[in-house]
Amino acid sequence: MKNKILSSVIITVLFAIVIVTSSFMMLMNLEEIKNTKEELKNVNYLISELNNITDISHNDYENLKRLNDLKINNINVRFTLIDNNGIVLYDNEEKSSENHSSRLEVKDALEKGEGYSRRYSSTIKANFLYYATRLDNNLLIRSSVPIYTITILHQENIMYCLLILALVLIFSIFLSLRLVKKIIEPVKELERVTLKMTKGDYKIRADVKTNDELGTLGNSFNNMADQLQMKIHEVIEKQTKIESILKSMESGVIAVDNHNRVISINPCAESLLGIKKSIIGECLLDYVNDYDINKFLEQEEENDKEIKILHPIERDFKIKKSEMFDGVENIGKVITFQDITDINRVELMRSQFVANVSHELKTPLTSIKGFAETLKFVKDDETREKFLDIIDKEAERLSRLINDILVLSSIESNLIADVDEFEPGLVIEEVLNIMRKSAINRNIKIEFINNNTECILGDRDKFYQLGLNLIENAIKYSKDISGIVEVESFSKDEYYCLTVKDNGLGIPKEDISRIFERFYRVDKSRKKGGTGLGLAIVKHIVKIFNGEINVKSELEEGTTFEVKIPYV
Ligand code: ADP
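Residues numbered from 1 in each chain as written. Predicted model: local features only at pLDDT ≥ 70, side-chain atom pairs only at ≥ 80, totals over all residues. Heavy atoms only, no water.

> Is there a simple way to explain the sheet that holds strand 18 (residues 548-554) in this structure?
One key point about sheets: their strands pair by backbone hydrogen bonds, in either a parallel or an antiparallel sense. Read across the sheet, five strands follow the order 14-16-17-19-18 without closing on themselves; strand pairing throughout is mixed. Each edge of the open sheet is held by one strand with a lone partner, namely strand 14 (445-450) and strand 18. Across this sheet, the average inter-strand angle for adjacent strands is 10°, counted without regard to direction. Of the strand pairs in this sheet, strand 16 (residues 484-492) and strand 17 (residues 495-502) are connected by eight bridges, and their pairing is antiparallel. Bridging across to strand 17, Ser489 finds its partner in Leu498. The strands touched by helix 10 (residues 424-441) within the sheet are strand 14, strand 16 and strand 17, with strand 14 carrying the most contacts at an inclination of about 175°. (Pairing = 2+ DSSP bridges. Helix = DSSP H or I, 4+ residues; strand = E, 2+ residues; numbered from the N terminus. Axes fitted to C-alpha atoms, helices over the stretch in contact; angles between N-to-C directions. Contact = heavy atoms within 4.5 Å.)

> Even after reading the chapter, I still don't get the domain arrangement of the protein chain, so can you show me in this structure?
Interface size is commonly expressed as the accessible area that is lost once the parts come together. You can read the domains of the protein chain as domain 1 (2-149), domain 2 (249-339), domain 3 (344-409) and domain 4 (417-566). Put simply, the middle of domain 2 and the middle of domain 3, counted by C-alpha atoms, are 51 Å apart. (Domains from an automatic or database assignment.)

> For this particular structure, what's the right way to read the nonpolar core?
Soluble globular proteins tend to bury their nonpolar side chains together. Counting 50 residues, the largest nonpolar core has Ile428, Phe463, Leu466, Leu470, Ile471, Val487 and Phe561 as the members making the most contacts within it. With seven residues, helix 11 (residues 460-476) is the single largest residue contributor to this core. Shared between two domains, this core takes at least three residues from each, and those domains are domain 3 (344-409) and domain 4 (417-566). Those residues in contact with Phe463 that lie beyond four places of it in its chain are Phe422, Pro424, Val427, Ile428, Ile456, Tyr496, Ile541, Phe545 and Ile565. (Core = buried A, V, L, I, M, F, W, Y, C linked by side-chain atoms within 4.5 Å. Buried < 20%, exposed > 50% of the residue type's maximum accessible area, 1.4 Å probe, protein only.)

> Explanation requested: unusual backbone geometry in the structure shown.
Excluding glycine, a negative phi dihedral is what most residues carry, and trans is how most peptide bonds are arranged. Backbone geometry places Asn546, a non-glycine residue, at a positive phi of 60°. You can see Asn546 is positioned in the loop between helix 13 (534-544) and strand 18. Positive phi, close to 65°, is recorded for Glu556, a residue that is not glycine. Position of Glu556 relative to the elements: it lies in the loop between strand 18 and strand 19 (558-566).

> How do you make sense of the sheet that holds strand 8 (residues 252-256) when you look at a structure like this?
Sheet architecture is open: five strands sit in the order 9-8-12-11-10, paired in antiparallel fashion. Of all the strands in the sheet, the pair left with one neighbour each is strand 9 (262-265) and strand 10 (304-309). When strand polarity is set aside, the average angle formed by the axes of neighbouring strands in this sheet is 25°. Looking at chain direction, strand 11 (residues 315-325) and strand 12 (residues 330-339) are connected through nine bridges and run antiparallel.

> Explain the packing of helix 9 (residues 381-412) against helix 13 here, please?
How two helices pack is summed up by the angle between their axes together with the distance between the axes. Between helix 9 and helix 13, whose axes approach to 10 Å, the crossing angle comes to 25°. When the axes of helix 9 and helix 13 are compared, the pair comes out roughly parallel. Helix 13 is crossed by helix 9, and the crossing has left-handed handedness. For the pair helix 9 and helix 13, the contacting residues are Asp404, Val407, Leu408, Ile411 and Glu412 in the first and Gly534, Ala536, Ile537, His540, Ile541 and Ile544 in the second. Residue classes in the contact of helix 9 with helix 13 are distributed as seven nonpolar, two polar and two charged. (Parallel < 35°, antiparallel > 145°, perpendicular 65-115°, else oblique. Left-handed = near helix turned anticlockwise from the far one by under 90°. Nonpolar A, V, L, I, M, F, W, Y, C, P; charged D, E, K, R; others polar.)

> Quick question: what am I supposed to make of the packing of helix 10 against helix 11 here?
The N-to-C vectors of helix 10 and helix 11 enclose an angle of 40°; their axes lie 9 Å apart at closest approach. Judged by the sense of rotation from one axis to the other, the crossing of helix 10 with helix 11 is right-handed. Between helix 10 and helix 11, the residues in contact are Pro424, Val427, Ile428, Glu430, Val431, Leu432, Ile434, Met435, Ser438 and Ala439 and Arg460, Phe463, Tyr464, Gly467, Leu468, Ile471, Glu472 and Ile475, respectively.

> Could you clarify how one ought to interpret the UniProt feature "domain: PAS" (unreviewed entry) in the protein chain in this entry?
Mapped onto this numbering, the UniProt entry gives "domain: PAS" (unreviewed entry) at residues 238-278. Secondary structure content for residues 238-278 is 44% helix and 22% strand, and the end C-alpha separation is 22 Å. (UniProt positions renumbered as here; feature names shortened; annotations may be inferred.)

> Looking at this structure, I do not really get the packing of aromatic side chains. What am I missing?
Each aromatic ring pair is summarised here by two numbers: the centre-to-centre distance and the angle between the ring planes. On inspection of all chains with the given rule, the structure shows 10 aromatic pairs. Ring plane angle 35° and centroid distance 5.6 Å describe the contact between Phe353 and Phe519, whose orientation is recorded as tilted. Taken together, the residues Phe353 in helix 8 (residues 341-375) and Phe519 in the loop between helix 12 (509-512) and helix 13 connect sequence positions 166 residues apart. Given the relative accessible area of 16%, Phe353 is considered buried. For Phe519, a relative accessible area of 6% gives the class buried. Between the NZ or CZ atom of Arg119 and the centre of the ring of Tyr130, over which it lies, the distance is 4.2 Å. Seen from the ring of Tyr495, Lys564 lies directly overhead, with NZ or CZ sitting 4.8 Å from the centre. (Phe/Tyr/Trp six-rings, centres within 6.5 Å; stacked < 30°, edge-to-face > 60°. Lys NZ or Arg CZ within 6 Å of the ring centre and 35° of its normal.)

Structure representation (structure tokens):
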């Protein structure tokens, strides 16, 4: 660009020089011709006046001869006396025998009184200006001088011309370079800034401070950059928001184009489908190894479906797909994966719970119904008494069962409990006071060590229920006569600890992991009248207190339950 501007400026300057110089020379030459013409005209007049040419006799040119050395600008004037037939009567330089009537100036002078012309004389090798004036006696006086028009290529001028040309050229190059600098620098600055912006530096601005169009261009460019930066900032902000929403979603979201190439995929979708690398731009079907999902993605009819996948781990999904538009055109689809494994499991557990509850309730009810019906036909008092006892026991079991179910469901539904500050040892003391009678009835010894006076925060009634269930079990599953139940309440490493130890029946190893399940009872033949809900209730209460429960048990040696509850 620099060279282009420079060369076009130089060409323009040269062209201007040529035009201006030629015009100037032309004007000069015209002026010179005009002046010379005037002078020749005066000379003609002078000659005619001085010599009274009108009276001149043909052979008497003595007077004229005296004017032979007449000069204009130091150049000898050639003058010729011609008659009206064009015959030269006198010539101060040489008498030509040629007829001059065809000469332009002569013709014009004969016709109009005066005439002039310019011709090249090959003899003198110069241009001559001829001026002819018709005298009263129809003679013509014609004078001429060589006219030296100014030409560039004239040897004397050529040096000056070249010098001037060189100076003008140097000056114009200097000016052009300055001009080029003025134009190029802002353009280069804009180019530099644009390049940096394309590389991602949107904060950069052009430093163009001129007050011309380039300055305005620079300002417009900077304004445009401001707008661009703002827009990019908005886009990035939007994208970050969308990305963080997608990242934090617990459903998998995948956007694919019309060729099933992945446009976007969130981490949840990656983990649900077991995808461990970025698959943006790649075909989703190559990475999903599940027949059902692939079929669902390829077919048009169904838009949502529940699918079970086995890889990477067994899960239940609810898949939905919806069309994606860029305003007008369909550009792909968005697929969402919702992991419904837990929902299904909870649903299954609920239905199992209902089945278990119905089953558990049915047993004592059937028993009560059966004995009550039979009772009508029993006459024997002793048998009646026995039947009534059974009915009473079963009714009590039924009531315990219903009570436990209610307690469990109230804990499970996480009804907001009161938050009290209480001393756990005192609560355990209360439980023991209630339980002592049944223990004494079975000759079971209860020992209580309370080494804790610190309070814990939580629902006091629930903690009471926890203690009651554990101590009740310890007594229930102790051996009569030699049974000892040791209860200890103490603090350890920021935890409140409660241990309930018995030397009773113990729990078989294979059952230990299941005793906290609802309605789970070890060996139903123990016939202790339990509901199988006591430890499920305990587990939930411990969870509410953010604590943990551990169990150690040896068959026929005894069981120890340890509850740890953090103070905060
Ligand atoms: P249940 O109402 O039958 O006692 P739990 O949920 O309280 O139900 O206990 C579940 C099972 O764990 C019981 O059936 C019992 O066999 C066993 N178990 C609980 N506590 C003890 C214990 N201290 N000693 C021996 N077995 C126990």
